[in-house]
Structures are given as structure tokens and as C-alpha cells.
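Descriptive structure summary
These are the residues of each chain, in order.
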Amino acid sequence: MLHHQNPLDLAFHALADPGRRLMVDRLSRGPASVSELAEPLDMSLSAVVQHLKVLEAGGLVRSRKQGRVRTCELDVPALRQAETWLNERRLSWERRLDRLGAFLAETDPEAPR
Amino acid sequence: MSPLHETIVLERTYPATPARLFAAWASAEARLAWSAPDGAQLVFDEEDFRPGGVERSRCGPAGNLMFALESRYIDIRKDRLIHWLETCRHGETLLSSCLLTVEITADPASGGARLVLTDQVTAFDAEMIAGNRAGWSAVLEKLSAWLAPAAARA
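Remember, predicted model here, so these are calculated numbers, not experimental data. (Residues numbered from 1 in each chain as written. Chains lettered and ligands numbered in written order. Predicted model: local features only at pLDDT ≥ 70, side-chain atom pairs only at ≥ 80, totals over all residues. Heavy atoms only, no water.)

With that settled, consider the sheet that holds strand β3 (residues 69–74) of chain A. Residues and elements named next belong to chain A. Read across the sheet, three strands follow the order β1-β3-β2 without closing on themselves; strand pairing throughout is antiparallel. Either end of the sheet is taken by a strand with one partner, and the two such strands are β1 (32–33) and β2 (61–66). Sheet topology places β2 next to β3; six bridges connect them, and they run antiparallel. Bridge pairing links Ser63 to Cys72 in β3. Its contacts with the sheet place helix α2 (residues 18–27) against β1, β2 and β3, and it is angled at close to 85 degrees to β3. Of the strands in this sheet, β2 and β3 touch helix α4 (residues 45–57), which is tilted by about 125 degrees from β2. (Pairing = 2+ DSSP bridges. Helix = DSSP H or I, 4+ residues; strand = E, 2+ residues; numbered from the N terminus. Contact = heavy atoms within 4.5 Å. Axes fitted to C-alpha atoms, helices over the stretch in contact; angles between N-to-C directions.)

Below, the discussion takes up the sheet that holds strand β4 (residues 67–77) of chain B. Residues and elements named next belong to chain B. What the seven strands build is an open sheet, ordered β1-β7-β6-β5-β4-β3-β2; its pairing is antiparallel. With partners counted over all chains shown, the strands left at the sheet margins are β1 (4–14) and β2 (40–46), one partner each. Strand-to-strand twist of the sheet, defined as the mean angle between neighbouring strand axes without regard to direction, takes the value 20 degrees. Sheet analysis places strand β3 (residues 54–61) next to β4, joined by six bridges and oriented antiparallel. Bridging across to β4, Cys59 finds its partner in Phe67. Its contacts with the sheet put helix α2 (residues 28–35) on β2, β3 and β4, and the angle it makes with β2 is roughly 165 degrees.

What follows deals with a positive patch on the surface. All names here are of chain A. Judged by side-chain charge, Lys53, Lys65, Arg68 and Arg70 come together as a positively charged surface patch. Examined against the element boundaries, Arg68 turns out to sit in the loop between β2 and β3. You can call Arg68 exposed: its relative accessible area is 84%. (Patch = residues over 30% accessible without salt bridge, like charges linked within 9 Å, V, L, I, M, F, W, Y side chains within 5 Å. Areas by Shrake-Rupley, 256 points an atom, 1.4 Å probe, with all protein chains shown as cover. Salt bridge = Lys/Arg side-chain N within 4 Å of Asp/Glu carboxyl O. Lys, Arg positive; Asp, Glu negative; His and termini not counted. Charge placed at Lys NZ, Arg CZ, Asp CG, Glu CD. Buried < 20%, exposed > 50% of the residue type's maximum accessible area, 1.4 Å probe, protein only.)

So, about the nonpolar core. Counting residues in hydrophobic clusters, the biggest one holds 30 residues, and the most contacted among them are Leu100(A), Leu21(B), Trp25(B) and Leu115(B). For this core, the element with the highest residue contribution is helix α5 (residues 82–106) of chain A, accounting for seven residues. (Core = buried A, V, L, I, M, F, W, Y, C linked by side-chain atoms within 4.5 Å.)

The next subject is unusual backbone geometry. Among all residues save glycine, negative phi is the norm, and among peptide bonds the norm is trans. For Asp79(B), which is not glycine, the phi torsion reads 65 degrees and is therefore positive. Within the element layout of this structure, Asp79(B) appears in the loop between β4 and β5 (81–90).

Here we take up the pairing of β3(A). All names here are of chain A. Both β1 and β3 contribute to a ladder of two bridges, which runs antiparallel. Opposite Ser33, over in β3, you have Thr71 as the bridge partner. In sequence, β2 turns back onto β3 through a hairpin of two residues, with Gly67 there showing a positive phi of about 65 degrees.

Attention now moves to the packing of aromatic side chains. In this description, a pair of aromatic rings is defined by centroid distance and the angle of the planes. If you walk through the whole model with that rule in mind, you get six aromatic pairs over all chains. An aromatic cluster is built from Trp93(A), Phe22(B), Trp25(B), Trp34(B), Phe49(B), Tyr73(B) and Trp84(B), whose rings are joined through pairwise contacts. Positioned above the aromatic ring of Trp93(A) is the side chain of Arg96(A), whose terminal nitrogen or guanidinium carbon lies 4.2 Å from the ring centre. (Phe/Tyr/Trp six-rings, centres within 6.5 Å; stacked < 30°, edge-to-face > 60°. Lys NZ or Arg CZ within 6 Å of the ring centre and 35° of its normal.)

Written as C-alpha cells, this is what we have:
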């Protein structure tokens, strides 16, 4: 079992398998239950569940259980958080201004060497 | 989607003279030392730090400098103020346009200098930017490239 830490690695790993790509293809047309996902694939339900875990770890798909049915859908809305970008821009400036402070300290002509 | 607007204001006090603080912004070499965003690479292609001057740089993850930045200095007052417009493009697409103001004043209480940075952001395609930042767009491109023929088959 590979241990991918980077979200991008996890996503690519999730897409690296033809079966999982078929599942994503199916979900791009709308949410589906695990058995609906399994139906067109030559796969056992437990294999589909395993693939689903990889897709979820890759941040591409999310699922929720209602009663005995697990419904899966593409996790696209998660990408639509504009606030993420604005927060990241703020954080980026904060870190840069911190580094500016470090830079000023390192280049201080009056600092004891 | 409609553009997003946001104003980010940050304040810092540094144990440095206003002149040294200003110099850290005025020199592209100095800026390179501290201003590359986290985990990103920054390359200056054109430097022109003066009112009316235009600077061009590229940034992005190391080895993939996908964002083209253009800084157009509107006003520069030595040791006191830098005011510029920064646009960020991905290919032909304008992602964000930001009006930035850096104000520098002496801080008598600490004997250092105080900096106020005001970033007035207009983000045109924040989804794409957020996606790109997280490295998502590559995934989605791959995904859509794969889905396109699949959709054609259907």
C-alpha cells in the first residue's frame, strides 16, 4: 500500500486506475449508490467500496450513508470555496511580512555578528 | 461567476529604520529574498521600481511557474509609501487584480518602523485560483480530458 501525503498525489493515485475513472465518469453524471456504481463494472461490491475509499482519500468523491444505502457524488463543491483563496492570500502576506522581519534582522548592519 | 472583492489590511512593526524597511521593498534582489510565497518559486523577468514602472514576474510551484504577475507602480514616495496595481494571469485569463498600498512610518514607541499593507483584491476566477493553488486544476484538466472522450462515447 502506497502512502501518499500530498493531496495532488492522492488525487492522481485515485485517477490512476481505469475502474476508478469509470466510477468518476459515472458520478460526473450525478450521484449514485454503491450498487449503482458497481452495476456496470465487473467488480464485487467490496471492491467498489475499496475503490471508493481511494477516491474519497483523493478528495474527488464524497459519500454519505442514508439507512442501508451509501450515496456517492463528485466532491466538486469543495473546490468552489472562493474564501479559500482570499484566506490563503491573507496568510501568504502574513508569512511574507514575517519573512521580511527575518530578512531585516539578518541584514541589520548594527546587529552584533 | 461574479468577481469577488475583499480588502486585506495587515500591520507590522519592525526593529528597523523606515529607510531600511523601504529598501527591502525597493530592491528586487531583497524582495526575492523574502517575498516568494510559501512553497512557491518566484522569478523576476523585468524590474522597474519607480512611479509608472512596470515589473513582470512569474510564480508557481517549483518547476511550474504558471502565474504571470505584473506590477504597475502608481506612486512611490521614498521611505514612506508604495502604491501599485498587481495583476495575476494564468495564460490569457485574468485571475486577480489587486491594488496594494504599503505605508511606512517611524514608530517612536519602539524606535523602529511601522508598516501597514492594504491589499484591495478583485478576484475574477477565484475558483480557478483556489484550484490552481491547491494543484487541483491539473487534476481537473486530466479529469476533463478523460471525461471528454467518455462523454463522446455516451
